[in-house]
Structures are given as C-alpha cells and as structure tokens.
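What follows is the residue order along each chain.
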Amino acid sequence: MKKYCPKCLNVYSNLDTCPECRHEPPLSVPEDNEPVLLDKIDYLKAEMLKPLLKDHGIPALFKGGHADAFGMNIGMRLDVISVLVPFSAYDEAKNILSMLDGAFDETSEESF
Ligand SMILES: [Zn+2]
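Numbers given to residues run from 1 along each chain, matching the order in which its sequence is written. Local features are withheld for residues below a pLDDT of 70 in this predicted model, meaning they are given only at 70 or higher, and side-chain atom pairs are given and counted only at 80 or more; totals for whole chains, interfaces and linings count all residues.

1. Let's talk about the pairing of strand E5 (residues 80-86)
Partly exposed residues are those falling between the two cut-offs: more than 12 but fewer than 20 other C-beta atoms within 10 Å of their own, whereas 20 or more means buried and 12 or fewer means exposed, with C-beta atoms placed from the backbone. Helical segments are the DSSP runs of H or I of at least four residues, strand segments are the runs of E of at least two, and each set is numbered from the N terminus. Of the two faces of E5, the one holding Ile81, Val83 and Val85 is buried and the one holding Val80, Ser82, Leu84 and Pro86 is not buried anywhere. Pairs of strands are assigned from DSSP output, requiring at least two bridges between the strands. Examined bridge by bridge, strand E3 (residues 35-42) and E5 share 7 bridges and lie antiparallel to one another. The residue of E5 that forms the bridge with Asp42 is Val80.

What follows is the structure, encoded as structure tokens:
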C-alpha cells in the first residue's frame, strides 16, 4: 500500500516513516485528491511534462525553486521544479514521467 509523507509529500510503498524527514509524523494514506509529490525535475523536463499531463486530464501543480535565491548561481540554470499531482493520478503520472525519461534519453545525444 502506498503512503505519503505529510511534510515533504513524497510517496512511498511499504514504508512507515519518511527516509528524508525521519522524526516527522509517520506516513499516512492520502486522500484521492490529496496533492502528492510526483518528482523533482528540471525546468526543461517540467515544460515537456506539462502538456502530457494535460492531455491525460491530470491536474498538476508545478512549483518552481530558484537556486539563485540561495546564492548558488554558478552560471547554470539550476531550477528544480516540484511536480504535485492528486494521489489518485499518481501512478498514471509516474508512467507518463517514465515515458518522458525514455524519450529524453534517446534525444540527449543529439542535443550535445
Ligand atoms: Zn518526508
């Protein structure tokens, strides 16, 4: 059974405590419409994922994190986007993301 961490919103299978937050409240089973963390991905991938999720009718929330704000600007785009989806759509969204990963790998050689 999948549970999620109410603090960082990560979803885990067969765990009772969050490996990242540890001492925080134990994992609980989310409501179907509860937003959970699909993954943290870079800006480019987020832009590719957005229309795919939309096509599947999955309402997703993209929360941008700007590395610059923490004084870590080393001349690269370091934005990490947290993607939140309703728990009921988590598995489907995960599939879409893995398909995107596959497509991403195939084209990565050409872009460098
Ligand atoms: Zn956590």
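2. Concerning helix H1 (residues 43-55)
By this rule, a helix spans an expected 1.5 Å times one less than how many residues it contains. When the terminal C-alpha atoms of H1 are compared, their 19 Å separation across 13 residues agrees well with the 18 Å that a helix rising 1.5 Å per residue should span. The angle separating two fitted axes, one through the seven residues that finish at a residue and one through the seven that start at it, defines the bend at that residue. Its axis deflected by about 25 degrees at Leu49, H1 carries its strongest bend there, up to four residues before the proline Pro51. Buried within H1 are the following residues: Ala46, Leu49 and Leu53. Immediately beyond the C-terminal end of H1, within one or two residues, lies Gly57, with a positive phi of roughly 70 degrees.

3. Some details on the nonpolar core
Any set of buried Ala, Val, Leu, Ile, Met, Phe, Trp, Tyr and Cys residues joined through C-beta atoms within 7 Å is what this text calls a nonpolar core. Core analysis: the biggest nonpolar cluster contains 19 residues, and Val83, Val85, Tyr90 and Ala93 have the highest contact counts within it. Elements with a contribution of two residues or more to this core: E3, H1, E5 and helix H2 (90-111). Residue ranges for the domains trace back to a domain assignment, done automatically or taken from a database. Taken domain by domain, this core gets at least three of its residues from each of domain 1 (1-30) and domain 2 (32-111). Two residues qualify as a contact pair if the distance between their C-beta atoms, derived from the backbone, is within 7 Å. If we skip the residues at most four places from it in the chain, Val83 touches Leu38, Asp39, Ile41, Ala46, Leu49, Ala60 and Phe62.

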